[in-house]
Amino acid sequence: MSTPNLATIESKVLANERLTFDEGVFLDEQVDLLTLGRLANLVRTRRHGNVAYYNTNIHLNPTNVCVYRCRFCAFRSDLKSEKSYVFSDDMIRERVLEAKASGATEIHVVGGLHHQKKFDWYVNVVRVIHETWPDIHIKGWTGVEINWFAHLTKKPYDWILQQLIDAGLGSLPGGGAEIFDEGVRSQICEHKADSQAWIDIHRAAHQLGLRSNATMLYGHVEAAQHRIDHLLRLRDLQDETGGFQTFIPLAFHPENTGMDYLKKPTGHMDLRMIALSRLMLDNFDHIKAYWIMLGEETAQIALGFGADDVDGTVVHELIYHDAGAKTPEGLTVNALHRMIREAGCEPVERDTLYRRVIRDGANWTIGEPVPVSVGV
Ligand code: V47
Ligand code: SF4
């Protein structure tokens, strides 16, 4: 096999051809940011023109008590710690009514794995949200949580997922993927769901008709070959099921974590990861620049480096703020519009499934999906 070179990679990107593992590692290790960004922006505009997506959403982390101790996590708490909390049904209802009043179309639900809660407690969280306001899309519980529920109930993944769908679950978020490489995973989160479990759960979800997202946690102890391996394992599953919607690269935030001696990745690396994922994930429609994690400035610039989505209004974010994020906990729709327009893009509000949201005063309805082009 020939050694990868930029000229061949450029011509493959122009011809919409798939890049290999070696080409990915070469791009990651040796190609400068502006070249990566130029190529990724070409792919992004071929798919989306100048459209950039956002949504109106709210977060709910029903508990921070967690059996696991991932070294990168500042959010988790021991049961007896002063920091620990558990939402009651009334608190959940209050959050849902706040979401309704703010015009949110999505609630993003993830949390810790509480030692003393049974599977029914987690199903109940979904049911209470759904019964309080059936119109809100519930994007909830990561592959790690689904794996924990399988452990608790000794039931297969599709059974677990079906119980949650019956209670009102609409899709799965992309968390818990971290880095699939087994060696790296054992250093940063050795006890929780392994890579194969995460992949199997997303496959099971897709087979039941649920869409899901995928993430990658970068900027800690991993290297280029681990990042590219991660992206290609996701690309393989997407070839098989087509069920992923969005990929979200997540920058490690070290404050208050077990790896606080590491430095937070720079804006330079953040933009490289956005561009690299756009180039390698040729079968993913969307790459998200999660502004909460990147900061508003970098997220805005990322729209010119391969990203086509900035996530949403968010509100009540804890995972990144516990780990030192300096961004606000939420942004208004006007601020998101400004961020996107100044980047030369046209803001389109989407729901979780990337259908247009049509607003009329305080009311909203869901329109058609915005067409995505994959051709050259
Ligand atoms: O799995 C935890 C990461 C993830 C830290 O699907 C950290 O739309 C950096 O997955 N530094 C949860 N990262 C968040 C997540 C997500 C976020 C936004 C949108 C979507 C989506 C999904 O956050 C965890 C882990 O990878 N994480 N702690 C930290 N200190
Ligand atoms: Fe628990 Fe999730 Fe934090 Fe790991 S990342 S310790 S599973 S809350």
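To be clear, the structure that these remarks concern was listed above.
What counts, and where the lines are drawn
- Residues numbered from 1 in each chain as written.
- Chains lettered and ligands numbered in written order.
- Predicted model: local features only at pLDDT ≥ 70, side-chain atom pairs only at ≥ 80, totals over all residues.
- Heavy atoms only, no water.
- Pairing = 2+ DSSP bridges.
- Helix = DSSP H or I, 4+ residues; strand = E, 2+ residues; numbered from the N terminus.
- Axes fitted to C-alpha atoms, helices over the stretch in contact; angles between N-to-C directions.
- Contact = heavy atoms within 4.5 Å.
- Near = heavy atom within 4 Å.
- Nonpolar A, V, L, I, M, F, W, Y, C, P; charged D, E, K, R; others polar.
- Expected span 1.5 Å × (residues − 1).
- Buried < 20%, exposed > 50% of the residue type's maximum accessible area, 1.4 Å probe, protein only.
- Arc of directions from axis to C-beta.
- Salt bridge = Lys/Arg side-chain N within 4 Å of Asp/Glu carboxyl O.
- Polar contact = N/O pair within 3.5 Å; in protein donor to acceptor, adjacent residues only side chain to side chain.
- Areas by Shrake-Rupley, 256 points an atom, 1.4 Å probe, with all protein chains shown as cover.
- Parallel < 35°, antiparallel > 145°, perpendicular 65-115°, else oblique.
- Left-handed = near helix turned anticlockwise from the far one by under 90°.
- Phe/Tyr/Trp six-rings, centres within 6.5 Å; stacked < 30°, edge-to-face > 60°.

Section: the sheet that holds strand E9 (residues 309-312)
Consideration 1: Within the open sheet, the three strands sit side by side as E9-E1-E10. Their pairing is parallel. Of all strands in the sheet, those with a lone pairing partner are E9 and strand E10 (346-349), marking the two edges. On average, adjacent strands in this sheet sit at an angle of 25 degrees to one another, irrespective of strand direction.
Consideration 2: Pairing analysis gives two bridges linking strand E1 (residues 51-55) to E9, with the strands arranged parallel. Residue pairing across strands places Asn-55 opposite Gly-312, the latter belonging to E9.
Consideration 3: Relative to E1, helix H15 (residues 333-342) is tilted by about 160 degrees, and along the sheet it contacts E1, E9 and E10.

Points about the site of ligand 2
Consideration 1: The immediate surroundings of ligand 2 are formed by Cys-66, Tyr-68, Cys-70, Phe-72, Cys-73, Phe-75, Arg-76 and Lys-192.
Consideration 2: A per-class count over the shell around ligand 2 returns six nonpolar, no polar and two charged.

Comments concerning helix H4 (residues 89-101)
Consideration 1: Here H4 is 13 residues long and its end C-alpha atoms lie 18 Å apart, about the 18 Å a rise of 1.5 Å per residue gives.
Consideration 2: What H4 keeps buried is the set Ile-92, Arg-95, Val-96 and Ala-99. For H4, the angular spread of the buried residues around the axis is 100 degrees, confining them to a single face. Pointing more than 90 degrees away from the buried face of H4 are the exposed residues Asp-90, Glu-94 and Ala-101.
Consideration 3: In this structure, the buried side of H4 is in contact with strand E2 (57-60), strand E3 (106-109) and helix H5 (119-132).
Consideration 4: One or two steps after H4, the chain reaches Gly-103, where phi turns positive at roughly 80 degrees.

Considerations on the pattern of salt bridges
Consideration 1: Under the counting rule described, the total for this entry stands at 25 salt bridges.
Consideration 2: With a shortest N-O distance of 2.7 Å, Asp-90 and Arg-93 are connected by a salt bridge. Note that Asp-90 and Arg-93 are positioned in helix H4 at a spacing of three residues, about one turn of the helix.
Consideration 3: On the basis of relative accessibility, which here comes to 34%, the residue Arg-93 falls in the partly exposed class.
Consideration 4: Notably, a salt bridge pairs Asp-311 with Lys-288, separated by 2.6 Å at the nearest N-O pair. Within this pair, whereas Asp-311 is found in strand E9, its partner Lys-288 is found in the loop between strand E8 (286-287) and helix H12 (291-294), the two being separated by 23 residues in sequence.
Consideration 5: Each of the salt bridges in this network shares a partner with another, and the network as a whole consists of Arg-18, Asp-239 and Asp-282.

A short note on the site of ligand 1
Consideration 1: In the vicinity of ligand 1, 23 residues are found, and the nearest of them are Phe-72, Lys-139, Gly-176, Glu-178 and Lys-288.
Consideration 2: Within the backbone of His-253, an N or O atom sits 2.8 Å from a nitrogen atom of ligand 1.
Consideration 3: The side chain of Lys-288 places a nitrogen or oxygen atom 2.8 Å from an oxygen atom of ligand 1.
Consideration 4: Within the complex, the protein chains bury 96% of what would otherwise be the 620 Å² of accessible surface of ligand 1.
Consideration 5: Only strand E6 (211-218), strand E7 (244-251) and helix H14 (319-322) provide two or more residues apiece to the shell around ligand 1.

What about the side chain of His-253?
Consideration 1: Tracing the backbone through its elements, the reader meets His-253 in the loop between E7 and helix H11 (267-280).
Consideration 2: A polar atom in the side chain of His-253 sits 2.9 Å from the backbone oxygen of Ala-251.
Consideration 3: Of note is the side chain of His-253, whose polar atom sits 3.4 Å from the backbone oxygen of Met-293.
Consideration 4: The residues touching His-253, leaving out its near neighbours within four places in the chain, are Phe-72, Lys-264, Met-293, Tyr-320, Ala-323 and Ala-325.

Let's talk about the packing of helix H9 (residues 195-207) against helix H10 (residues 224-241)
Consideration 1: Contact pair H9 / H10: the axes reach a minimum separation of 11 Å and the direction vectors enclose 25 degrees. For the element pair H9 / H10, the angle class is roughly parallel. The element H9 and its partner H10 pack so that their crossing is right-handed. Touching Ser-195, Trp-198, Ile-199, His-202, Arg-203 and His-206 of H9 are Arg-233, Leu-234, Leu-237, Glu-240 and Thr-241, all from H10.
Consideration 2: Split by residue class, the contact of H9 with H10 holds four nonpolar, four polar and three charged.

Section: the packing of aromatic side chains
Note on aromatic pairs: each is described by the distance of the centres and the angle between the planes.
Consideration 1: Following the criterion strictly, the structure yields 15 aromatic pairs and no others.
Consideration 2: An angle of 75 degrees between the planes, with centres 5.4 Å apart, marks the rings of Tyr-122 and Trp-141 as edge-to-face. In this pair, Tyr-122 sits in helix H5 while Trp-141 sits in the loop between strand E4 (137-140) and helix H6 (143-153), placing the two residues 19 residues apart along the sequence. For the pair formed by Tyr-122 and Trp-141, the shared burial category is buried.

A short note on the sheet that holds E2
Consideration 1: Strand order across the open sheet formed by seven strands is E2-E3-E4-E5-E6-E7-E8, with parallel pairing between neighbours. Edge positions in the sheet fall to E2 and E8, since each has one partner strand and no second.

Re the pairing of strand E11 (residues 355-360)
A regular strand places its side chains on the two faces of the sheet in alternate fashion.
Consideration 1: Bridging between E11 and strand E12 (residues 363-369) involves five bridges; their strand directions are antiparallel. Across the sheet, the residue bridging to Arg-359 is Trp-364, located in E12.
Consideration 2: The loop that links E11 with its antiparallel partner E12 comprises two residues; one of these, Gly-361, has a positive phi angle of about 60 degrees.

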